[in-house]
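Here is how the chains run, residue by residue.
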Amino acid sequence: MGPELIAVVVAGGFGVAGTILGVVMTTWLGRSAEQRRLAAEDDRRWLADRRRVYAAFLVLSQSMLREIDGVAGFLPYRGDEEVADEDEAFMTDGLMDYHVRWDDELQPALSDVQLVAGRGVADLADRVSGALMEITAVVERRGPFVDYYPGWFRAQDLLGVLRNAMRAELGLNDAIEAAYPRDAEWPWLSERPSEEEYIRRQTEIPGRPPLTPSEMARIVELEDGESASAAPA
């Protein structure tokens, strides 16, 4: 075989090898891209499932906090007041409904959370579930309301801790801080115009009649409230 023929054969071999390598690389890159696409879709589905399960548990827990608070509102405030018969019947029925809901709705929701959550969120969700049952103890023994409300606020706070842990698992690392009870300014923003300011602005509207006695009285009331809050203790 002459040198020219050898060169042709070698060049042809390199060409075939290059073609084969190109096909292999193209196939590999295509499979890798498809795997990445499928992994990204799995991550999105997993995130969506988590968000749905977490939201359902939070909504249900908050609803049950409101429900038990509605029942506890009939407790004697200090414990030495008489409870009317109709209030007693309401608390009995309300507690029964609450316990049924805790068993039939909250526990399955907790199982859903523990199926998809990390260890921290799973533990906090279990604690919230336990707290929602524990705060019924004062209502069950018809104790004073003043013994009930600290536990309710603790449960509300624990639910806030759980909410922030869930947000972190969903990729939202800015915690939501909600102090309870709310301050006197809530829900209004202190840097925005006040109610008094909006009443006073009415005098700037062309053709608008003078402020009514009710509006004037409200301004005085608001000014007195500001003066009282600014006074040293």
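In this text, all values refer to a predicted model and were calculated from it rather than measured experimentally. (Residues numbered from 1 in each chain as written. Predicted model: local features only at pLDDT ≥ 70, side-chain atom pairs only at ≥ 80, totals over all residues. Heavy atoms only, no water.)

Novice: I'm lost on the overall build of the protein in this one. Help?
Specialist: Secondary structure summary: the protein contains seven helices and zero strands in total. What you see in the protein, going N to C, is helices and strands ordered as α-α-α-α-α-α-α. By the burial criterion, 26% of the 233 residues in the protein qualify as buried. Once local pairs closer than 6 in sequence are excluded, the contacts in the protein between residues at least 24 apart make up 73%. With the model as given, the accessible surface of the protein reaches about 15,800 Å², and the carbon-plus-sulfur share is 59%. (Helix = DSSP H or I, 4+ residues; strand = E, 2+ residues; numbered from the N terminus. Buried < 20%, exposed > 50% of the residue type's maximum accessible area, 1.4 Å probe, protein only. Contact = heavy atoms within 4.5 Å. Areas by Shrake-Rupley, 256 points an atom, 1.4 Å probe, with all protein chains shown as cover.)

Novice: For this particular structure, what's the right way to read the layout of surface pockets?
Specialist: It is a probe the size of a water molecule, rolled over the atoms, that shows where empty space is left. Roughly 450 Å³ of volume is contained in the largest pocket. Mapped by element, the contributors of at least two residues to the lining of the largest pocket are α6 (195-201) and α7 (213-230). The dominant element in the lining of the largest pocket, judged by the number of residues it contributes, is α7, at four residues. Of the volumes computed, that of the second largest pocket is approximately 260 Å³. Taken together, Arg-127, Gly-130, Ala-131, Glu-134, Ile-135, Val-138, Asp-147, Tyr-148, Gly-151, Arg-154, Ala-155 and Leu-158 form the lining of the second largest pocket. Of all elements in the fold, only α3 (119-134) and α5 (145-169) reach the threshold of two or more residues within the lining of the second largest pocket. (1 Å grid on protein atoms, 1.4 Å probe; cavity = no way out; pocket = protein on both sides within 12 Å on 5 of 7 lines; lining within 4 Å. Points joined across faces, edges and corners; volume = space filled by probe spheres on them.)

Novice: Is there a simple way to explain the side chain of Glu-215 in this structure?
Specialist: You can see Glu-215 is positioned in helix α7. A residue is classified by how much of its surface remains accessible, and Glu-215, at 18% relative accessible area, is buried. Polar contacts involving the side chain of Glu-215 include one to the side chain of Arg-208, which spans 2.6 Å. For Glu-215, the contacting residues outside a window of four places in its chain are Ile-199 and Arg-208. (Polar contact = N/O pair within 3.5 Å; in protein donor to acceptor, adjacent residues only side chain to side chain.)

Novice: Please explain unusual backbone geometry as it appears in this structure.
Specialist: For Arg-142, which is not a glycine, the phi torsion comes out positive at approximately 60°. Mapped onto the elements of the fold, Arg-142 is located in the loop between α4 (137-140) and α5. Using a relative accessible area of 23% as the deciding quantity, one classes Arg-142 as partly exposed.

Novice: Can you walk me through the nonpolar core in this structure?
Specialist: Looking at soluble globular proteins, one finds that nonpolar side chains tend to be buried together. Ranked by size, the top nonpolar core spans 38 residues in total, and within it Phe-57, Ile-68, Val-113 and Leu-162 carry the most contacts. Counting only elements with at least two residues in this core, the list comes to α1 (3-72), α2 (85-116), α3, α4 and α5. In this view, Phe-57 contacts Leu-106, Ala-109, Leu-110, Val-113, Ala-125, Val-128, Leu-162 and Met-166; residues no more than four positions away in its chain are not counted. (Core = buried A, V, L, I, M, F, W, Y, C linked by side-chain atoms within 4.5 Å.)

Novice: What exactly am I supposed to notice about the packing of α3 against α5 here?
Specialist: For any two helices packed against each other, the geometry comes down to the angle between their axes and how far apart the axes lie. Contact pair α3 / α5: the axes reach a minimum separation of 9 Å and the direction vectors enclose 160°. Relative to α5, the element α3 is oriented roughly antiparallel. Every pair of crossing elements has a handedness; the one defined by α3 and α5 is left-handed. Residue-level inspection shows Val-121, Leu-124, Ala-125, Arg-127, Val-128 and Ala-131 of α3 in contact with α5, the latter providing Ala-155, Leu-158, Leu-159, Val-161, Leu-162, Ala-165, Met-166 and Glu-169. (Axes fitted to C-alpha atoms, helices over the stretch in contact; angles between N-to-C directions. Parallel < 35°, antiparallel > 145°, perpendicular 65-115°, else oblique. Left-handed = near helix turned anticlockwise from the far one by under 90°.)

Distances and angles like these do not, on their own, reveal function.
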